[in-house]
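Observations on the model geometry
Spelled out from the first residue to the last, the chains are:
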Amino acid sequence: MGQFQWNRCWLCLQVVLSAFATVCLSQDSADTIMFLNPPEVPESAYPIQVQYSCREPSVVHLQGLVSFNTGSTLVIFHRWWRCTPGPLRIKLIILHFPDWLVYHPDWSIQDSSWVLTCLLRGLVSRGAAAEPDRSSFARTLVPLNVLSPLSRPFKQHLLCLRWDTEMHWKVFGGRWQCPKENEVATLLSSLYGSTGEHFGITKTLEPYRNAMLEGLRLKAISYPWCAFSVWVLLEEPCRDHLCGLLHHVDSQANYATPSLFLTRSGQIHVQLQGENGLSSAFLSSFTLPLGLWCLISLELKGRMGNITMACIDGHEDPLVYSSEHIFSIAVKLDDTDGYFVVGGGKFVKGLKGFYGPTMYYRSRIPSLNLLDLQVPQLVRMVNVSGWFQTCKEFKLEVDHKIADSCHAVTAKRAESCIDVYTALILKNYPGSTRAECSSSEPLSKPRRRMVAQMIKILCNKYGTVDPAAVGRALYAAVLRKLITHGSVEVINRLMPPLLQAGCLGDNRALQLSSAFYSSGLAKKQPFKAWQLSLLAAQKDWRLALLRLGHLHHVGDQVVPPDHDLSYAYYSNIAKQTSSDRLSPSSKQTFVESIFLNDEETLKAQTNENDDIFHWLKLQARNGVADAEQAIARMLFWGQQGVTSDIQTAVRHYERGATRLQDPVSMYDYAIVLLTGQGVPQDVPKAVTFLKKAMEQGFAPAITALGWYYEQFERNYERAAELWEQADLLGNPDAAMNLGVLHLQGLYPGQPVDKVKAYKYFLKSAQRGHLNGGIELAEIWSLGIPGYVARHPSGAVLWAKWASEQNGYLGTVLRKGLKAYLKGNWFMAMIFYLMSAECGLAAAQFNMAFLCEHNQGGSLNPAFVTQCMLRYYNLSIQSQDPASYALVKMGDLFYEEHTQGKRDLSDAAEMYKEAALRNDPQGWYSLGLLVQEGARLPATLFSELNLLQHYFSDKLTILTTLYQRCQDSNSDEAHLPCTLALLASHLQSIHTLGCSTVKLLSAVAVAVATLSFFRIIPAILRQRSASSQQNTAPSDARQPTEQEESSGV
């Protein structure tokens, strides 16, 4: 870095010295040199006139010099000629600057290092040396302007490109641009609702790609000159010793520079790391207020730090506070070491409130006029503080109404509506004639009558009531009205009481309101929907956390994707999902991804009074182990429409274990005995059944027995031995437990090994273990320095997968399915809408499916189209999209519903994806596109393994596609595919133009018609026979959920 600065200074010094020398020498010497027409910028062929003279035989030199940002200097050309003594002469020289300095980079001209200066130098020398020395009696230097590579003109090449070079240039060329450097790093660009737990946004920074910037960064590590800023809205005071605002953790898991925390007193604790592991810290002289958006800025200027806070209170001028501190140590800041965390992290909880845009200025300190400071536009659009202000006023009115109504019921006052303040006034000033206040007047407004009526009802019933109970009752009343009316027209009228219920603390109301605003069932307001989800998520409401995790994963029209922010929400709900499974309740239901177009699965749904359930009970009494397992599983997890009943499920576990000696039942019964779920805990009895199941080679029982030795006997050697044995059998819990041993250093004879733990967690997650996926996601979100790189997108996918198994989400899904099976289309749509906004692919599919069929025609046609586009499109972004949704998306592209015109290329892409899943409709629709004259791309033929037909005629392609349609082994599609194939054959025959052939084709049509009337009755008979068969529902065992509930 110092070398190239010295070269640059030396070249500039030469300009000054040469000018001075030229003047001095011209006075008493005949040696001169001058450029009469120097160029302004480097050119390819520039004719320059050089005027020179000499008093003795000499050599004239003409050079071009460039210096680069790497610190090097290069001579790009050197011309010389001899000078004989005499008068002034002029010589014309054609200067040829290199193409990389003159032209825009292209297929032939490569980009160079960044050019800092370009000089044209001339000198008269007695010797042959090109460098100026004491023998150089005249010299001149002219600096040229150097354009940036993208500002230079393109060269008109006289050569013709080869075909392969031209294609490569068209595909990959023409993309030169200035490297985008993250000199200002955005740690958080959006809003984050923090629950005050160990969850936050993790960001890492990379070194600069530009060598000069990276050199400056490395030099500034021991003398940082930078700034950090974070927007915060604090809702509740910090209850812990410290709450995280913004902190930096290095690769050794230590707090690094800077780390900002909030104390219990509301002050800001600033901690910085110095050389040799020393640290320094100080407290701000001011405190962070509640309920206001505040910008907290930290400026580091070497050994001095300045913490500033500016708070926005309505339309008033910002409230500005500042504290300055000089550190006694040399501060060290290496921003590429470790990671930054906004909010809570692994070692500290976050605050309860909201985080806004957070910036890091890596190499400069911005100038901000804090007196003119405004809240960022995104924060204003979401307007969380506005909600708090309005809600605060509404709660005050509700409190007055509750006091008046409940007091009137108990005291039977003759005088009405005297609040506490007025009562004190009348008591102290009996003669006062001031009018009594009427706190019920605000609630008498049309939009608030419903809450006023609810307060009166609750006061009459219970005598006293709190605002939260009013909110719950209000939400229940809204649901009853939705069920009663069963129409979308009522939704807009019910939005005010629904929002009021949310204000009074009912998070279900906030989530439902958000879904209405987001989907367009109420007036579409994306920012309002985001606001309501933020409010519910900040209160740790599970569905809101899911919704925001999904929103920041895929993005929306107002929210860009952000994997780190998405993971902050998903990691929260994933941890809750794991803990929820340890405490099963009636509020939780096993998540079942049931698609409403899957008739077979819908027929398998049952309940305690259904014939299928009674038939299974009969089979279980007759000693059928599979039926016993199915009954117990349904009752324990609440699957297939059966209400969860853990005590009854345990009796079925016991009967299967004792009477049938079934290893699956013995294992399940042992687990509930170990954990005491639905039965008194009996560890010895549990171990007995586990050993019996282990003798039959049942891998989950081996794992559970290892868990017993680890938890009850503290025998880690025996536990590890059993888990290694079960891991070889492919058991996910065994891999998970081995990973925990290595992570905590409990594996016998081995130290802590995060890499081995990571490998076991990966193996466990791939086998379907919930906690394995959670641990793997956490490792991918942070990385293991030197071993495992950060993988934010992968971390989001694993955390999302774990989160979508939450039992509270399963309950909402089950409500939607029950409503659909009962014929209540409207309420089914409401519940599936709530689940769809959480990102579950099956719920998104079902929402689009319900919109598509639009029972009763209550939905607006425009909304139907937008609903199908939105939710079918979201559903096909899952890892295993439904082929039905792919076909429907193809139809929407084809029917001019996307951009007001047909999009045949996207339609063909959707049909192709369906065809790759062997969906006959996909093959058939591709055939229809070809039949209409569409030209399918070669890549599509290649993916379908039909590339050999790309250059075939239209009829050959049609025949091939319809043949694949017929070969898809679908009874429903066999007839239309056969008729389409027959039609394509007939069309090819008709092209021959022979009347005899046409006669034969007419006969073929007649035969096909007769076949049609023979096939239809056969299909109907087949369906009738299949519908009369009573097939037991799937009894595939799911040990993972049961084992995880015990912590095994």
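See above for the structure.
Quick look at the structure, then.

Conventions adopted
Residues numbered from 1 in each chain as written. Predicted model: local features only at pLDDT ≥ 70, side-chain atom pairs only at ≥ 80, totals over all residues. Heavy atoms only, no water. Helix = DSSP H or I, 4+ residues; strand = E, 2+ residues; numbered from the N terminus. Buried < 20%, exposed > 50% of the residue type's maximum accessible area, 1.4 Å probe, protein only. Contact = heavy atoms within 4.5 Å. Areas by Shrake-Rupley, 256 points an atom, 1.4 Å probe, with all protein chains shown as cover. Pairing = 2+ DSSP bridges. Core = buried A, V, L, I, M, F, W, Y, C linked by side-chain atoms within 4.5 Å. Axes fitted to C-alpha atoms, helices over the stretch in contact; angles between N-to-C directions. Salt bridge = Lys/Arg side-chain N within 4 Å of Asp/Glu carboxyl O. Expected span 1.5 Å × (residues − 1). Parallel < 35°, antiparallel > 145°, perpendicular 65-115°, else oblique. Left-handed = near helix turned anticlockwise from the far one by under 90°. Nonpolar A, V, L, I, M, F, W, Y, C, P; charged D, E, K, R; others polar. Phe/Tyr/Trp six-rings, centres within 6.5 Å; stacked < 30°, edge-to-face > 60°. Lys NZ or Arg CZ within 6 Å of the ring centre and 35° of its normal. Patch = residues over 30% accessible without salt bridge, like charges linked within 9 Å, V, L, I, M, F, W, Y side chains within 5 Å. Lys, Arg positive; Asp, Glu negative; His and termini not counted. Charge placed at Lys NZ, Arg CZ, Asp CG, Glu CD. Polar contact = N/O pair within 3.5 Å; in protein donor to acceptor, adjacent residues only side chain to side chain. Disulfide = S-S within 2.5 Å.

Quick look at the overall build of the protein chain now. Within the protein chain one finds 38 helices and 20 strands. Out of the 1048 residues belonging to the protein chain, those deemed buried represent 50%. The long-range fraction of contacts in the protein chain, counting pairs at least 24 apart against all pairs at least 6 apart in sequence, stands at 64%. Entry remark: accessible area of the protein chain is about 49400 Å², with carbon and sulfur atoms responsible for 54%.

The next point concerns the pairing of strand S9 (residues 192-195). In summary, the side chains of a regular strand alternate between the two faces of the sheet. In S9, alternate side chains face the same way, and those of Tyr 192 and Ser 194 on one face and Gly 193 and Thr 195 on the other are all buried. Relative to strand S20 (residues 352-361), S9 is paired through four bridges, and the arrangement is antiparallel. When the bridges of S20 are listed, Tyr 192 appears paired with Tyr 355.

Next up on the list: the nonpolar core. By size, the foremost hydrophobic cluster in this structure holds 201 residues, and its most contacted members are Ile 296, Leu 482, Ile 491, Phe 516 and Leu 926. If you tally residues by element for this core, the top one is helix H28 (residues 825-836), at eleven residues. Here Ile 491 is in contact with Leu 482, Phe 516, Leu 521, Ala 522, Phe 826 and Ile 830, once residues within four sequence places are set aside. Core analysis: the next-biggest nonpolar cluster, separate from the first, contains 53 residues, Phe 590, Ile 631, Leu 705 and Ala 720 among them.

A few words now on the sheet that holds strand S15 (residues 279-287). Spatially, S10-S19-S12-S13-S14-S15 is the arrangement adopted by the six strands of the open sheet, whose pairing is antiparallel. For this open sheet the edge positions go to strand S10 (200-203) and S15, each flanked by a neighbour on one side alone. Within this sheet the neighbouring strands show an average axis-to-axis angle of 15°, counted without direction. Pairing of strand S14 (residues 267-273) with S15 involves six bridges; the strand directions are antiparallel. Considered in S15, the bridge of Gln 267 is made with Thr 287.

Moving on: the pattern of salt bridges. A full pass over the atoms with the stated rule returns 31 salt bridges. In this structure, a network of salt bridges that share partners links the residues Glu 214, Arg 217, Asp 334, Asp 335 and Arg 362.

Helical geometry: 3.6 residues make up each α-helical turn, so side chains three or four residues apart lie on a common side. Taking 1.5 Å per residue, 13 residues should reach 18 Å; helix H32 (residues 904-916) reaches 18 Å between its end C-alpha atoms and fits that length. For H32, the full list of buried residues reads Ala 907, Ala 908, Met 910, Tyr 911, Lys 912, Ala 914 and Ala 915. Asn 918 occupies a position one or two residues after H32 and carries a positive phi of about 60°.

Attention shifts here to the sheet that holds strand S5 (residues 89-95). As summarised here, the arrangement of the three strands in space is S1-S2-S5, forming an open sheet in which the pairing is antiparallel. In this open sheet, the two strands that pair with only one neighbour each are strand S1 (32-35) and S5. Strand-to-strand twist across the sheet, computed as the mean angle between neighbouring axes with direction ignored, equals 25°. Pairing geometry for S1 and strand S2 (residues 46-53), over four bridges, is antiparallel. Of the residues in S2, the one forming a bridge with Ile 33 is Tyr 52.

Counting through the fold element by element, Gly 244 comes out in strand S12 (residues 242-249). For Gly 244, a relative accessible area of 0% translates into the label buried. Sequence separation between Gly 244 and Val 348 is 104 residues; the distance between their C-alpha atoms is 6.1 Å. Once residues lying within four places of it in the same chain are set aside, the contact partners of Gly 244 are Leu 260, Phe 261, Gly 343, Val 348, Lys 349, Gly 350, Leu 351 and Tyr 355.

We now examine the packing of helix H18 (residues 646-658) against helix H19 (residues 663-675). Interaxial distance between H18 and H19 falls to 8 Å at its minimum, and their mutual angle equals 130°. Compared by their axis directions, H18 and H19 come out oblique. Read as a crossing pair, H18 and H19 show a hand that is left-handed. Contacts between H18 and H19 involve Val 650, Tyr 653, Glu 654, Gly 656 and Ala 657 from the first element and Ser 665, Met 666, Asp 668, Tyr 669 and Val 672 from the second. Tallied by class, the residues present in the contact of H18 with H19 amount to six nonpolar, two polar and two charged.

Another point: the packing of aromatic side chains. Summed over the entire model, instances satisfying the criterion amount to 29 aromatic pairs. Members of the aromatic cluster, each reached through a chain of ring pairs, are Phe 595, Phe 845, Phe 849, Tyr 872 and Tyr 884. Geometry around Trp 81 places Lys 91 over its ring, the cationic atom sitting 5.6 Å from the centre. Of note, Arg 362 hangs over the ring of Tyr 208, and the distance from its end group to the ring centre comes to 4.5 Å.

Looking now at a negative patch on the surface. A contiguous patch of negative charge on the surface is contributed by Asp 313, Glu 316, Asp 317 and Asp 372. Position of Asp 313 among the secondary structure elements: in the loop between strand S17 (304-312) and strand S18 (319-326). Asp 313 gets classed as partly exposed once you look at its relative accessible area, which sits at 34%.

Moving on to the side chain of His 61. Relative to the helices and strands, His 61 resides in strand S3 (residues 58-68). Polar side-chain contacts of His 61 include one of 2.9 Å to the side chain of His 78.

We now examine the environment of Asp 668. Mapped onto the elements, Asp 668 comes out in helix H19. For Asp 668 and Val 650, which are 18 residues apart along the polypeptide, the C-alpha to C-alpha distance reads 8.5 Å.

So, on to the state of the cysteines. Per the stated rule, a full pass over the model turns up seven disulfides. The disulfide partner of Cys 406 is Cys 459, and the gap between their sulfur atoms is 2.0 Å. Disulfide Cys 406 to Cys 459: torsion about the S-S bond roughly -65°, handedness left-handed. Placement of Cys 406 in helix H6 (residues 384-411) and of Cys 459 in helix H8 (residues 449-462) is noted, with a sequence separation of 53 residues between them. For Cys 406, a relative accessible area of 8% gives the class buried. Shown here is the disulfide that connects Cys 965 with Cys 977, its sulfur atoms set 1.7 Å apart. In this pair, Cys 965 is assigned in helix H35 (residues 954-966) and Cys 977 in helix H36 (residues 971-990), connecting sequence segments twelve residues apart. Neither Cys 965 nor Cys 977 differs from the other in exposure class; each is buried.

Once that is clear, we can look at the side chain of Asn 306. Along the chain, Asn 306 falls in strand S17. What makes Asn 306 buried here is its relative accessible area of 15%. Reaching out from Asn 306, the side chain makes a polar contact with the side chain of Ser 322 at a distance of 3.0 Å. Beyond its immediate stretch of four places on either side in the chain, Asn 306 contacts Ser 297, Leu 298, Glu 299, Ser 322, Ser 323 and Glu 324.

Its 13 residues give helix H29 (residues 841-853) an end-to-end C-alpha distance of 18 Å, which sits within 8% of 18 Å, the value for a rise of 1.5 Å per residue. Most of H29 sits out of view: eleven of its 13 residues are buried. Among the residues of H29, Ala 841, Ala 842, Ala 843, Gln 844, Phe 845, Asn 846, Met 847, Ala 848, Phe 849, Leu 850 and Cys 851 are the ones counted as buried. Contact partners of the buried residues in H29: helix H13 (542-554), helix H27 (807-821), H28, helix H30 (861-875) and helix H31 (883-894). A positive phi of about 45° marks Asn 854, the residue just after H29.

These figures capture arrangement, not role.
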